[in-house]
Structures are given as C-alpha cells and as structure tokens.
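Each chain is listed here by its residues.
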Amino acid sequence: MPDWLQVIILGIIEGITEFLPISSTGHLLLVEQRLPETMFEDDGARERFMVFIQSGAVLAVIAVFKERVRELITQWRQTEVRDYLIKMTVTFLITAVGGLALKAAGWELPNNSVPIAWALLIGGVLFIVIEQRNVKTKNAEKENGSLATISWTIAVAFGLAQLVAMVFPGASRSGTTILIGMALDMRRGEAVEYSFLLGVPTLLAAGIYQLMAAISEDGSALVAEAPRLALGTVVSAITAFAAVKWLLSYLQKNTFIVFGWYRIGLGILILLIAAKHTIE
C-alpha cells in the first residue's frame, strides 16, 4: 500500500475519532496494526505522525467554535470569561506537567491492543451508567449559550482525566474528560464544550513538543516526513470539522449512550481477536 494512501486512511480516522468519545489513539493503533505494511521507519516517526495530525483536528474545533473562541479572546476582561480562562489554564498545566513527568520517566505509547480493549469497555459502561443517571435526575441542558461555571474541582479533574487518557490509549481524551464532567454534574453540552476547547492548547502543545524534539534529535528526518505530516494534518482537519459538526447536532436530541455501546462492542471484538491470536 503506498504511503500517501496510508496517510489519508489514518488522517480520516484521526479526524473522525479525535473528538468523538471513542479514542482516536486506540483506533489509529488498531488500524495501523492491520495495514499490510507500515510507512513508519521507527517508533519515533510513528509517534510524531500520530501527534502531528491531531493539530488538524484542533483547527476544526477552532472553526466550529469560532464564536466562543472570539468571546474568550476579546472579552477576557469580563469576570466570567476570565474565570473560565484561568480554570482552563490550570487544567492544561496539570496535563502538561503530568505529561512531561511521564516522558521523563520513560513512558511510551503502548502498542498492544488488549489495554485498548479494556479502556474502551470500561469507558463504554461508564457512559451508559452516567447517562442513565442523568436522565433519572433530569440533568437538562441549558437553553442559552452562556459560559459554563467551572469549579476548581472540575478544572483539576479534567486535567487528571487527560493524563488518564494519555496513559491508557482507548480511554479517549474527549471521552474521559466528558465522562468526568458529567459525573461532576456538568450538563452534557457544557462538558463537551469545555473538553473540546481544552483540546486546543493541549493538542497544539503536544504537537509543538514533538516538533521541537524532532528538530533537536534529527531535523533531516522531520524534513523527509514533512509531506506526509502535512497531508495527514489537512485530511484530519477536514474530517474532524465534519465529525464535530455532526456530533453537536446529534447531541441536541440524543445522549452518549450509543457511543457507550459502540465502545463495549469494539472492546469485546478486540479481546476476541487478541484471544484468537494467542491461541494460534
């Protein structure tokens, strides 16, 4: 399979799954393992590609939430907006410091489908349980478009949730943060918006970190990889824009329960495949 086709396939998967609560990293690892041949020369090239194409998904979020982003930039002096930005900054810093600590400790992205399966399963069950709880407690959505009130508990919890998603591919960054938000009684729309906006600095920082690391280690390798990184980012941006727009429309009348069942079904399927390979 030509490299450009692999890039397009992985870019589409990243764009669709980055902000749907079904784990982009998990899907990318699973699909890459089943491609007839890999285009990555080593694990470093693989990790750089996976992180870089997330930048495309970030561009999609900025485009979809352009009015909210404009509000945060132009009205930051207002108490409500300033408080939101301060809490988001704290959430980001918790993730950034924790991520750097994990890197310093030698953590690397695992290449094993079984942990992905369990993370998908557990997250799927939690989505169903929390959504059913919210229905019983009538945790309705707000009608207006005002900013959510973010408590310090929520700010810290979202930061830790992003670290959990980093350590356990399959947990899903968006899925884990949305889950913790709804568990802490945030309305569905509020949790989604905070999770998605938080993804902008988080994913951009990860991309910049990978860029600086690649330049310091071997700039020539990065130059050689530039065409596929650019193509993957563009494909990811286009598909992520469509995916986010669809999700926001879907959630106006539906819950995350269908994603919970999807995660459970996919997790079981992965475990069955892994068990079959072990027996063989």
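Scroll up to find the structure this text is about.
Residues numbered from 1 in each chain as written. Predicted model: local features only at pLDDT ≥ 70, side-chain atom pairs only at ≥ 80, totals over all residues. Heavy atoms only, no water.

**Q** Just to check I follow, could you spell out the overall build of the protein chain for this structure?
**A** Of regular secondary structure, the protein chain possesses eleven helices and zero strands. Mapped in sequence order, the helices and strands of the protein chain form the string α-α-α-α-α-α-α-α-α-α-α. Taking 2.2 N^0.38 as the reference for a compact globule, 280 residues should give roughly 19 Å; the C-alpha atoms of the protein chain span a radius of gyration of 19 Å, in line with that estimate. Along the first, second and third principal axes, the C-alpha set of the protein chain runs to 50 × 45 × 35 Å. Counting the 280 residues in the protein chain, one finds 49% classified as buried. Of the roughly 13,500 Å² of accessible surface on the protein chain, 67% is carried by carbon and sulfur atoms. Seen as two clouds, the 22 positive and the 24 negative side-chain charges of the protein chain have centres 10 Å apart. (Helix = DSSP H or I, 4+ residues; strand = E, 2+ residues; numbered from the N terminus. Rg over C-alpha atoms; globule rule 2.2 N^0.38 Å. Buried < 20%, exposed > 50% of the residue type's maximum accessible area, 1.4 Å probe, protein only. Areas by Shrake-Rupley, 256 points an atom, 1.4 Å probe, with all protein chains shown as cover. Lys, Arg positive; Asp, Glu negative; His and termini not counted. Charge placed at Lys NZ, Arg CZ, Asp CG, Glu CD.)

**Q** Which parts of the structure should I look at to understand the packing of helix H8 (residues 152–167) against helix H9 (residues 173–183)?
**A** When two helices pack together, their arrangement is captured by the angle between the axes and the distance separating the axes. Following both chains from N to C, one finds H8 and H9 inclined at 145 degrees, their axes separated by 8 Å at the closest point. For the element pair H8 and H9, the recorded crossing hand is right-handed. Packed against H8, whose contacting residues are Ala 157, Phe 158, Ala 161, Gln 162, Val 164 and Ala 165, the element H9 presents Arg 173, Thr 176, Thr 177, Ile 180 and Gly 181 at the interface. In the contact of H8 with H9, the residues fall into six nonpolar, four polar and one charged. (Axes fitted to C-alpha atoms, helices over the stretch in contact; angles between N-to-C directions. Left-handed = near helix turned anticlockwise from the far one by under 90°. Contact = heavy atoms within 4.5 Å. Nonpolar A, V, L, I, M, F, W, Y, C, P; charged D, E, K, R; others polar.)

**Q** Could you clarify how one ought to interpret the side chain of Ser 172 in this entry?
**A** Among the structural elements, Ser 172 can be located in the loop between H8 and H9. At 3.3 Å, the side chain of Ser 172 forms a polar contact with the side chain of Ser 174. Filtering out sequence-adjacent residues up to four positions away, Ser 172 remains in contact with Leu 20, Pro 21, Ile 22, Ser 23, Ala 165 and Arg 263. (Polar contact = N/O pair within 3.5 Å; in protein donor to acceptor, adjacent residues only side chain to side chain.)

**Q** Help me understand the packing of aromatic side chains in this model?
**A** Taken as a whole, this structure holds nine aromatic pairs when the rule is applied. Between Phe 65 and Phe 196 the ring centres are 6.2 Å apart and the planes differ by 85 degrees, which places this aromatic pair in the edge-to-face class. Of this pair, Phe 65 sits in the loop between helix H4 (54–64) and helix H5 (66–74) while Phe 196 sits in helix H10 (residues 188–250), and the two are 131 residues apart along the sequence. The same class applies to Phe 65 as to Phe 196, namely buried. Centre to centre, the rings of Phe 158 and Tyr 194 are 4.9 Å apart; their planes meet at 75 degrees, and the pair counts as edge-to-face. On the criterion of sequence distance, the pair formed by Phe 158 in helix H8 and Tyr 194 in helix H10 is long-range, its members being 36 residues apart. Tyr 194 matches Phe 158 in its accessibility class, with the two residues each being buried. One aromatic cluster is present, built from ring pairs that chain together Phe 127, Trp 246, Tyr 250, Phe 256 and Phe 259. Note that Lys 87 overlies the ring of Trp 152, its terminal NZ or CZ placed 4.8 Å from the centroid. (Phe/Tyr/Trp six-rings, centres within 6.5 Å; stacked < 30°, edge-to-face > 60°. Lys NZ or Arg CZ within 6 Å of the ring centre and 35° of its normal.)

**Q** Can you walk me through the nonpolar core in this structure?
**A** In globular proteins that are soluble, nonpolar side chains generally tend to be buried together. In this structure, Tyr 84, Ile 150, Ile 178, Tyr 194, Phe 196 and Phe 256 are the most contacted members of the largest nonpolar core, which totals 40 residues. Among the secondary structure elements, those contributing two or more residues to this core are H4, helix H6 (79–104), helix H7 (113–136), H8, H9 and H10. Tallying contributions element by element places H10 first for this core, with twelve residues. What Tyr 194 contacts, discounting residues up to four positions off in sequence, is Tyr 84, Lys 87, Met 88, Thr 91, Ile 150, Ala 155, Phe 158 and Met 186. If you look at the next biggest cluster of nonpolar residues, it comprises 14 residues, including Leu 28, Met 39, Ile 53 and Ala 214. (Core = buried A, V, L, I, M, F, W, Y, C linked by side-chain atoms within 4.5 Å.)

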